[in-house]
Amino acid sequence: MGLTGIQIYKLLPQTNCKECGEPTCLAFAMKLAAGKADISLCPYVSEDAKAKLSEATAPPIREFTIGTGTNAVKVGGETVMFRHEKTFFNPTPVAVMIKDTESDDVVASKLERIKSICFERVGKKLCVDMVALKNESGDKAKFMTLLEKASAIDKPMIIMTDNLETLKESAEKYKDKRPILYAATSANADEVAKIASATGLPVVAKGNGLDEVSSVTAKLASAGIKDIAIDSSAKNIKDAVKDNVFARRASIKQKIKEVGYPTFVVVNEITQDPMLEAVIAAGLISQYAGIVVISDPDPAKILPITVSRMNVFTDPQRPMVVEQGIYPINNPDENSPVIITVNFALTYFIVSAEIEASRVPCWLMIMDTEGLSVLTAWSAGKFVADAMAAYVKKTDITQKVKHRKIIIPGYVAQLSGEFQEELGEGWEVQIGPREAADLPKFLKMWKL
Amino acid sequence: MAFKEPVEKYNNSITEVSISDLKVGGQSVLTGIYSFDGPVPNPPKIAMEVLDVKPEEWPQTLVDAVGDVYDDPVKWALKCQNEFKADMICLSLVSTDPNGMNRSAEEAAKTAKAVLDAINIPLIVYGSLNSEKDGEVMKAVGEACHGKVILLGPADDENYRTVGGASLGYQHKVAAASPIDVNLAKQLNILLGNLGVPLESIVIDPTTGGLGYGIEYTFSVMQRIRLAALAQGDDKLKSPFINMIGKEAWKAREAKISESEEPSFGNLATRGILWEAITAINLLIAGSDIMVLRHPESVKLVRSFMNEFFK
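In this text, all values refer to a predicted model and were calculated from it rather than measured experimentally.

What counts, and at which threshold
- Residue numbers here run from 1 along each chain, matching the order of that chain's written sequence.
- Lettering for chains starts from A, numbering for ligands starts from 1, and both go in the order in which the items are written.
- pLDDT decides what is reported in this predicted model: residues at 70 or higher carry local features, side-chain atom pairs at 80 or more are listed and counted, and totals for whole chains, interfaces and linings draw on all residues regardless.
- Remark: hydrogens and water are excluded; side-chain values derive from all non-hydrogen atoms of the structure.
- What we call a nonpolar core is a set of buried Ala, Val, Leu, Ile, Met, Phe, Trp, Tyr and Cys residues that are connected through their side-chain atoms within 4.5 Å.
- Remark: exposure states derive from per-residue accessible area (1.4 Å probe, protein chains only) relative to the maximum for the residue type, with buried under 20%, exposed over 50%, and partly exposed in between.
- By convention here, the domain bounds are inherited from an automatic or database domain assignment.
- Residue contacts are counted whenever heavy atoms from the two residues lie within 4.5 Å of one another.
- At least two DSSP bridges between two strands are required for those strands to pair.
- Only runs of H or I of at least four residues qualify as helices and only runs of E of at least two qualify as strands under DSSP, and these elements are numbered from the N terminus.
- In this analysis, axes come from line fits to C-alpha atoms, helices being fitted only over the stretch in contact, and the angle between any two N-to-C directions falls in the range 0 to 180 degrees.
- Throughout, the accessible surface (probe 1.4 Å) given up by two parts as they are put together, summed over both, is called the buried area.
- What counts as a salt bridge is simple: a side-chain nitrogen of Lys or Arg found within 4 Å of a carboxyl oxygen of Asp or Glu.
- Counted as a polar contact is a pair of N or O atoms within 3.5 Å, where, for protein atoms, one must be capable of donating a hydrogen and the other of accepting one, and residues adjacent in sequence contribute only when both atoms are in side chains.
- In this count, Pro and Cys sit with the nonpolar residues alongside Ala, Val, Leu, Ile, Met, Phe, Trp and Tyr, while Asp, Glu, Lys and Arg are called charged and the others, Gly among them, polar.
- Note on aromatic contacts: the rings of Phe and Tyr and the six-membered ring of Trp form a pair at centre separations within 6.5 Å, being stacked when their planes are under 30 degrees apart, edge-to-face when over 60 apart, and tilted otherwise.

Before we move on, could you go through the nonpolar core and cite the residues and values that matter?
Counting residues in hydrophobic clusters, the biggest one holds 223 residues, and the most contacted among them are L284(A), I340(A), I406(A), F419(A), V141(B) and F305(B). Taken domain by domain, the makeup of this core includes at least three residues from each of domain 2 (64-312) and domain 3 (325-444) of chain A. Every residue in contact with V141(B), bar those within four places of it in the chain, is listed here: L93(B), A109(B), A112(B), V125(B), I150(B) and L152(B). Membership of the second largest hydrophobic core comes to 19 residues, among which are I158(A), M160(A), V204(A) and V293(A).

In structure tokens, the structure reads:
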């Protein structure tokens, strides 16, 4: 990370052939340094230089993929300590653990829930992302049966066994599904490296604390393994938070390669309390965890955990938006009030929650303002009379309601006259409250 | 090779604020749980919120948990102190809202005094978030509670003179509230300072967004304020934080809607409690010093999480 344009320029052919699309090699180097071009655009760069460059521009925390197809997850790849510095990139996958000692019924019910728990929020899916399969029994046949069942739900798998032969056999059998292997330790790193190398699979390096973890990752790296996650075996909340914070600081601020990998935390080894497990999982996701494993696929826990993750991983520079359109709330009919507001997701969430709480049936019109809030959209000329009228006319709201009354946010009261004019004869623009919290009262008093 | 622990301790520290015999702040680390970075003289505190009037439209999960005391703020406060083991009580004078019951400042002050006299843990008194009325109410509350030190609030850019004045006049501490913004938080501390309120008497209420409803804005603003205070030594931003977590978390649709209405969401009680507890954990990570919560089970969860850092 962090070669300057001049340093990159020295690695280029310096022939100014222009084939990359830039006028000079120096201009190309500058673009590379800014992350705005890809080295593959240069047909003449040496393999050696390419390797040096890709190493230098790689994020300080290794990024890789587990699983295949639409359910695959990307982990690592983070570049900052605080989300306000840029953003966090790859939302921490949540894995649910199933042990091969659990009864057939429990396994079947867990798999069914892991497969089906999925919430949609702001156009994004919040699901259980992975399944962690543990060879608790020590028995190979039992474990292979569990893997067979789990592979059917097509979620990325974590293969957890202490037995090298079992690890090898399952890795070979399921390598096309790209599971992650658990775990390489001080005792078996060389053998596990061979399995990972032969199958091309990612692997978790496990040790007691980050010190031992570092020695395991060093062994794996020297055997050519690149896709590694790290488990410091924390047994309490403090150590788990500390190890995650320290691994992130060491990799981002000090470029310590041995811990420059996504972390892996088995939360059900920190607590047996299922409620506390959910709280710790959410806390660790906000504190840099790369992958978290929990025991309980309970939707009432997965929802708050994944919403928390979504919030922390939201790009601070790009507001969350909801789709433009007319949202019916509380089963509205042709006599229900019509409210218009912006498509900033937070505005939508808060306004729709207040309407829902009021139990007054409403039509909520959400207008595309590029994710700006009411006042910013107004001052940016996006939530203004002519644009709003054009949007209203474009929709079929007049088919949904008999009346021609429309409520605007109190903060843009000043545009009511112009909006009414733009909408034309018959329309009445009404000024709603400034704060969403006052909507229920307003709506309960509203009369056609 | 040996891994060297990258401990981060700053040369600046958060201002220590004493509310009666309880202290908050004083740490030189980013959040009150980073006890592995350096000493945390005053671990973060959990306050439980008590309303001055029987709550309307509270989710059943909360009503069940609080039990039969929720129409009596004194009994309710005592239950939070004795049974739920709160570190502090936060009395919310919601009945003073001019758009609601519009109870007088004098009546509100009587309630505050009654609660203060009944409990032996420190008291926070919050208004109804109507700036003008809160100014009036805090003046009366400040006077009625004179003799003991409580935390009054919130002071905002409109009423800071009256609320700050009540703090100065009756030796109380004050919560300075600004809308999720580093500069506005700093500005309000400066305004209070100009009035004569010392930094040792101020905690910042950065305005709390609930889980799923803007928590990320609060999270980042708190982290930025902490970095400005500790890394850059900005004196005006060294105040401890108070977060009104319960109020925001229990507003969320996800914390309130029944399983029969949203079968895919799962058990309501689990969901509501976690909604509050996970909101709290995120803000604890961002640096909260006083977390104001509502449900005794989320209090327990947050306490279990936090206690591990101080064993």
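From this point on, the discussion continues.
Give me the lowdown on the sheet that holds strand β9 (residues 242-244) of chain B, citing residues and values where you can.
Residues and elements named next belong to chain B. Spatial strand order, β8-β7-β6-β5-β4-β3-β10-β9: 8 strands in an open sheet with parallel pairing. Each edge of the open sheet carries a strand with a single partner, namely β8 (202-205) and β9. The sheet shows a mean angle of 25° between the axes of neighbouring strands, taken without regard to direction. Relative to strand β6 (residues 151-155), strand β5 (residues 123-126) runs parallel, the two sharing 3 bridges. Within the sheet, the bridge partner assigned to V125 lies in β6 and is L152. The sheet strands contacting helix α11 (residues 296-307) are β3 (45-51) and β10 (290-293), and the helix crosses β3 at an angle near 170°.

Tell me about the interface of chain A and chain B, and please be specific about residues and values.
Counting residues at the interface gives 54 residues for chain A and 51 residues for chain B. Summed over both partners, the interface of chain A with chain B comes to about 4600 Å²; 67% of that surface belongs to carbon and sulfur atoms. Taken together, the links from chain A to chain B amount to 6 salt bridges. Here R249(A) makes a salt bridge to D37(B), at a shortest N to O gap of 2.7 Å. Inspection of the chain A/chain B interface yields 15 residue pairs in polar contact (both at pLDDT 80 or more). Looking at the side of chain A that touches chain B, the elements that each hand over two or more residues are β4 (118-121), α8 (209-222), α9 (237-253), α10 (274-286), α11 (299-313), α12 (345-358) and α17 (439-445) of chain A. Top element by residues in the side of chain A that touches chain B is α11(A). It accounts for 10 residues. When grouped by side-chain class, the residues that make up the side of chain A that touches chain B number 29 nonpolar, 10 polar and 15 charged.

Tell me about the sheet that holds strand β3 (residues 94-99) of chain A, residues and numbers included.
Residue and element names in this part refer to chain A. Spatial strand order, β10-β9-β8-β7-β6-β3-β12-β11: 8 strands in an open sheet with parallel pairing. Bordering the open sheet on either side are β10 (228-231) and β11 (264-266), each of which pairs with just one other strand. Ignoring which end each strand starts from, the neighbouring axes of this sheet average 25° apart. Here β3 pairs with strand β12 (residues 291-294) via 3 bridges, running parallel. In the sheet register, A95 faces β12, and the bridge partner there is V293. Packed onto the sheet, helix α7 (residues 189-199) meets β8 (180-184) and β9 (203-206) and runs at close to 165° relative to β8. Against the sheet, α10 contacts β3, β11 and β12, and its axis sits at roughly 180° relative to β12.

With reference to specific residues and values, describe the packing of aromatic side chains.
Using the criterion set out here, one finds 12 aromatic pairs over all chains in the structure. Pairing F119(A) with F265(B) gives two aromatic rings, centres 5.8 Å apart and planes at 70°, and the pair type is edge-to-face. Highlighted residues: F119(A) in strand β4 and F265(B) in the loop between α9 (253-256) and α10 (268-286), drawn from two different chains. Note on F265(B): relative accessible area 9%, which makes it buried. One aromatic cluster is present, formed by Y327(A), Y348(A), F349(A) and Y213(B) through successive ring pairs.

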